[in-house]
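Structural overview for review
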Amino acid sequence: MPQLDAKQAASMIERWISFYDMDNAKAWDKDDYPFIQTSCRQMRTAIQALRGKGPTAPGERKKVAAALEEFIEDSFMDDANEWEPENRAFVKESMAALQYAAGFLQK
């Protein structure tokens, strides 16, 4: 996979949000949705930052970066065995985009 830039990472995260319908409470189990909703909000903040419009306060940026890393771990993105074979490439690319965003926000 080629090296990501901020624009590519932002687009990839947007595709992830859309693919998993993260903005739609009805698409998720009621108990799971608060985490999904919070994660989606953090992803949108990261997208804004990647596009030069996000938070500038270092504390806020680090908080969003930590939330992205938590999402990767809690959603098992980092465990290829948890994903359907046909989705693995998409998950891997999305995880790379989230990791890129987390690193970008920690600068």
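Reference entry: report on the structure contained in this document.

**Here we look at the packing of helix H2 (residues 33–50) against helix H4 (residues 88–105)**
Viewed as axis vectors pointing N to C, H2 and H4 meet at an angle of 65°, and their least axial separation amounts to 10 Å. Put simply, H2 runs roughly perpendicular to H4. In the packing of H2 onto H4, the handedness of the crossing is left-handed. Counting all contacts with H2, which are made through Met 43, Ala 46, Ala 49 and Leu 50, the residues of H4 involved are Leu 98, Tyr 100, Ala 101, Phe 104 and Leu 105.

**Some points on the packing of aromatic side chains**
According to the stated counting rule, one finds 9 aromatic pairs in the structure shown. Judged by centre distance (6.3 Å) and plane angle (85°), the rings of Trp 16 and Phe 71 are edge-to-face. In this pair, Trp 16 is assigned in helix H1 (residues 6–19) and Phe 71 in helix H3 (residues 58–74), connecting sequence segments 55 residues apart. Between the aromatic rings of Tyr 20 and Trp 83, the centroid separation amounts to 6.2 Å while the plane-to-plane angle is 70°, which identifies the pairing as edge-to-face.

**Focus: unusual backbone geometry**
For Asp 21, which is not glycine, the phi torsion reads 50° and is therefore positive. Within the secondary structure layout, Asp 21 lies in the loop between H1 and H2. Although it is not a glycine, Phe 76 adopts a positive phi angle of roughly 60°. The residue Phe 76 is located in the loop between H3 and H4 in this model.

**Structural notes on H1**
Helix length check: H1 (14 residues) gives 20 Å between terminal C-alpha atoms against 20 Å at 1.5 Å per residue, within 8%. Taken residue by residue, H1 has Ala 6, Ala 9, Ala 10, Met 12, Ile 13, Trp 16 and Ile 17 as its buried positions. Down the axis of H1, the buried set is contained in an arc of 165°. They therefore lie on one face. Residues Lys 7 and Ser 18 are exposed on H1 and point more than 90 degrees away from its buried face. Turning to H1, the residues buried within the fold contact H2, H3 and H4. Among the residues trailing H1, Asp 21 stands out with phi positive, at a value near 50°.

So, how was this worked out
Residues numbered from 1 in each chain as written. Predicted model: local features only at pLDDT ≥ 70, side-chain atom pairs only at ≥ 80, totals over all residues. Heavy atoms only, no water. Axes fitted to C-alpha atoms, helices over the stretch in contact; angles between N-to-C directions. Helix = DSSP H or I, 4+ residues; strand = E, 2+ residues; numbered from the N terminus. Parallel < 35°, antiparallel > 145°, perpendicular 65-115°, else oblique. Left-handed = near helix turned anticlockwise from the far one by under 90°. Contact = heavy atoms within 4.5 Å. Phe/Tyr/Trp six-rings, centres within 6.5 Å; stacked < 30°, edge-to-face > 60°. Expected span 1.5 Å × (residues − 1). Buried < 20%, exposed > 50% of the residue type's maximum accessible area, 1.4 Å probe, protein only. Arc of directions from axis to C-beta.

Honestly, that's just the spatial picture; any functional story needs more than this.
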